[in-house]
Amino acid sequence: MIEPLSKSLAAIEDAGFTGIHAYPEGLMANLTQVVAAVEVESLDQAADTVTVRVTVISPISIGAEECENAALEIARALYQQGASCTMKRCEFLSSANLFQSAIFALYSGAL
């Protein structure tokens, strides 16, 4: 596994949330809690950086506010692991009946 993925999963767990590898589109499990799915967004060998996309997902029963709060906590934990983070606002996915917020964690010196 690529080290930034391992670091991201560890940071998510340290923040008290469940971290999983991203599901292929349309195969999301029936969620009952907030989870964070990780995947490599991009690799830049010339710059020696890896961007990990962390998608914080919340079932509708838990709500958007909890999704955003979890995303903020996870972004803080990723930052403490050495990532530079940007975060998108929470959005509702009507096709999946879920809320999601994306975090992009940039790791330098990762390759």
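**Considerations on the side chain of serine 101**
Here comes step 1: Note on placement: serine 101 falls in strand β6 (residues 98–108).
Here comes step 2: Within polar-contact distance, the side chain of serine 101 engages the backbone oxygen of lysine 88 at 2.6 Å.
Here comes step 3: Each residue touching serine 101, except ones within four places of it in the same chain, is listed here: Val54, Thr55, Val56, Cys67, Ala71, Met87, Lys88, Arg89 and Cys90.

**What to know about the environment of cysteine 85**
Here comes step 1: Considering the arrangement of structural elements, one finds cysteine 85 in strand β4 (residues 84–87).
Here comes step 2: Taking the C-alpha atoms as reference points, cysteine 85 and phenylalanine 104, 19 residues apart in sequence, are found 5.5 Å from one another.
Here comes step 3: Setting aside anything within four residues of it in sequence, one finds cysteine 85 in contact with Ala75, Leu78, Tyr79, Ile103, Phe104 and Ala105.

**Things to note about helix α2 (residues 64–80)**
Here comes step 1: The end-to-end C-alpha distance of α2, which contains 17 residues, comes to 24 Å, matching closely the 24 Å that a straight helix rising 1.5 Å per residue would cover.
Here comes step 2: Three or more residues of α2 are buried, namely Cys67, Ala70, Ala71, Ile74, Ala75, Ala77 and Leu78. In a view along the axis of α2, the buried residues occupy a sector of 160 degrees, so they form one face of it. Away from its buried face, by an angle of more than 90 degrees, α2 presents the exposed residues Glu65, Arg76, Tyr79 and Gln80.
Here comes step 3: Turning to α2, the residues buried within the fold contact α1 (3–14), β2 (35–44), β3 (49–59), β4 and β6.

Parameters at a glance
- Chains are numbered independently. Their residues run from 1 in the order of the written sequence.
- Under the rules for a predicted model, residues below a pLDDT of 70 receive no local features and side-chain atom pairs below 80 are neither given nor counted, while totals for whole chains, interfaces and linings still include all residues.
- Working from all heavy atoms in the structure, the side-chain values ignore hydrogens and water.
- By the criteria applied, helices consist of DSSP H or I runs no shorter than four residues and strands consist of E runs no shorter than two, each listed in order from the N terminus.
- Here a polar contact is taken to be a pair of N or O atoms separated by no more than 3.5 Å, where protein atoms must pair a possible hydrogen donor with a possible acceptor and residues adjacent in sequence count only if both atoms sit in side chains.
- Two residues form a contact once any of their heavy atoms are found within 4.5 Å.
- Given a helix with a known number of residues, its expected span is that number minus one, times 1.5 Å.
- Here the term buried applies to any residue with accessible area under 20% of the maximum for its type, exposed to any over 50%, and partly exposed to those in between, with areas from a 1.4 Å probe on protein chains only.
- The directions from the helix axis to the C-beta atoms are what the arc is built from.

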